[in-house]
Amino acid sequence: MAELLKRLTEVGGVSGDEGRVRQLIRQEVSPFVDEVYTDRMGNLIAYKKGKGSGKKVMLCAHMDEVGFIITGIGEDGMLKFKVVGGIDPRVLVSKRVLVGEKGHAGVLGIKAIHLQEPEEREHAVKVKQMYIDIGAVSKEEASQAVKPGDYVVFDSKYVEFGDNKVKAKALDDRAGCAAIIELIKQEQRYGFDLYACFSVQEEVGLRGAEVLGYSINPDIAIVVEGTTCSDVPGVDEHLYTTLMGKGPAITIMDGSSYANKELVGMLVNTAKNEGIPFQFKKGASGGNDAGRIHLAREGVKAATVSIPCRYIHSPSSVMDLDDYKNTITLISAFLKGCEL
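Residues numbered from 1 in each chain as written. Predicted model: local features only at pLDDT ≥ 70, side-chain atom pairs only at ≥ 80, totals over all residues. Heavy atoms only, no water.

As for the nonpolar core
One recurring pattern in soluble globular proteins is that nonpolar side chains are buried together. Leu-8, Ile-25, Phe-198, Met-319, Tyr-324 and Leu-335 are the most contacted members of the largest nonpolar core, which totals 59 residues. For this core, the element with the most residues is helix 5 (residues 171-185), which contributes nine residues. Ignoring sequence-local partners within four residues, the contact set of Phe-198 consists of Ile-25, Asn-43, Leu-44, Ala-61, Met-63, Cys-177, Ile-180 and Ile-181. One finds Phe-68, Phe-81, Met-130 and Ala-136 within the second-largest nonpolar core, a separate group that totals 19 residues. (Core = buried A, V, L, I, M, F, W, Y, C linked by side-chain atoms within 4.5 Å. Buried < 20%, exposed > 50% of the residue type's maximum accessible area, 1.4 Å probe, protein only. Helix = DSSP H or I, 4+ residues; strand = E, 2+ residues; numbered from the N terminus. Contact = heavy atoms within 4.5 Å.)

Here it is, written out as structure tokens:
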């Protein structure tokens, strides 16, 4: 399991540039499904035929990650960029990045603190004040390596550390992708057709999921996510969204949807009956692919199961491997007991 997580998190796939992630997932799932294909949007769909009811169950995780896109090159060789997805500018300064398809090494830079005016030091750095330094000394030299429109990802390796924890970029939502891949690899055939969907452009507006909900038109959908975990110093306990190490988080509602109560009840009962640790996601902000899938056609019953991740949307997200494994166990048990 850990080896798959490592490969998925270390590959680059900013929203709109998910091709390398898609190729890796296709290679992993192809031997275990009846059909695998890519739609016009770039979503990857893996289909596993059931034993006859004709009903459809969708599992969905998004392939894309937050990152950057190059918008220009200065005369001094420094790269101008825009953020893709939601990133706190405070985590950016001096971070290592990889630019373009060839992964040119770069650093997110800003004017040195001893050159800043006193009032500049009193405020958080803004993205428009930053640049990417790839070591070029002129626009001509930089232009030989990169061009406007190139994507940029955090340069961050997968590391296992501490008490069963992992550090990586893009755990939102490569952890969800990895979980669904592990589920697909199980030999189980269900009484319904299973569609394992890996969506694009979630971080910029749940775009791929909207297409998937319409085209697959499932009877039920379970979205598998990496979600915020705020159980850290400086945050009051009543503001914790999830707790690390306490199991997968089942969503009641968020900023994009209300989870279907019947599905939530089925997930909770499955966890209790199987002795699988779980928790409810306490926050109601943000959203995920369920926000578009549940609105497809006449409506789709949808719910979300999430893996708590600290420092989400940064180069160093942290996840508990037991939470990850229990997410797979919960959804596997849910699918085996699901009658449509």
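Topic: the pattern of salt bridges
Pairing between side chains of opposite charge can happen when their charged atoms approach one another. In total, this model carries 14 salt bridges according to the counting rule given. Lys-185 is the partner of Glu-28 in a salt bridge, and the nearest nitrogen-oxygen pair spans 2.6 Å. Here Glu-28 is found in helix 2 (residues 19-29), whereas its partner Lys-185 is found in helix 5, with 157 residues between them in sequence. With a relative accessible area of 14%, Glu-28 lands in the buried category. Put simply, Arg-96 and Asp-155 hold a salt bridge, and the shortest N to O gap is 3.1 Å. Here the residue Arg-96 occupies a position in strand 6 (residues 96-99), and Asp-155 occupies one in the loop between strand 9 (151-154) and strand 10 (159-161), the gap between them amounting to 59 residues. (Salt bridge = Lys/Arg side-chain N within 4 Å of Asp/Glu carboxyl O.)

Some words on the pairing of strand 2 (residues 44-48)
Burial within strand 2 is extensive, with five of its five residues counted as buried. Neither face of strand 2 is open: one carries Leu-44, Ala-46 and Lys-48, the other Ile-45 and Tyr-47, and all of them are buried. Relative to strand 2, strand 1 (residues 35-38) runs antiparallel, the two being bridged by four bridges. Bridge assignment links Thr-38 to a residue of strand 2, and that residue is Leu-44. Between strand 1 and strand 2, which follow one another and run antiparallel, lie five residues, and Gly-42 among them has a positive phi close to 110°. Bridging between strand 2 and strand 12 (residues 193-199) involves five bridges; their strand directions are antiparallel. (Pairing = 2+ DSSP bridges.)

Section: the environment of Glu-3
On the secondary structure map, Glu-3 appears in helix 1 (residues 2-10). Spatially, the C-alpha atoms of Glu-3 and Ala-170 are 15 Å apart, while their sequence positions differ by 167 residues. Among the polar contacts made by the side chain of Glu-3, one reaches the side chain of Arg-7 at a distance of 2.6 Å. (Polar contact = N/O pair within 3.5 Å; in protein donor to acceptor, adjacent residues only side chain to side chain.)

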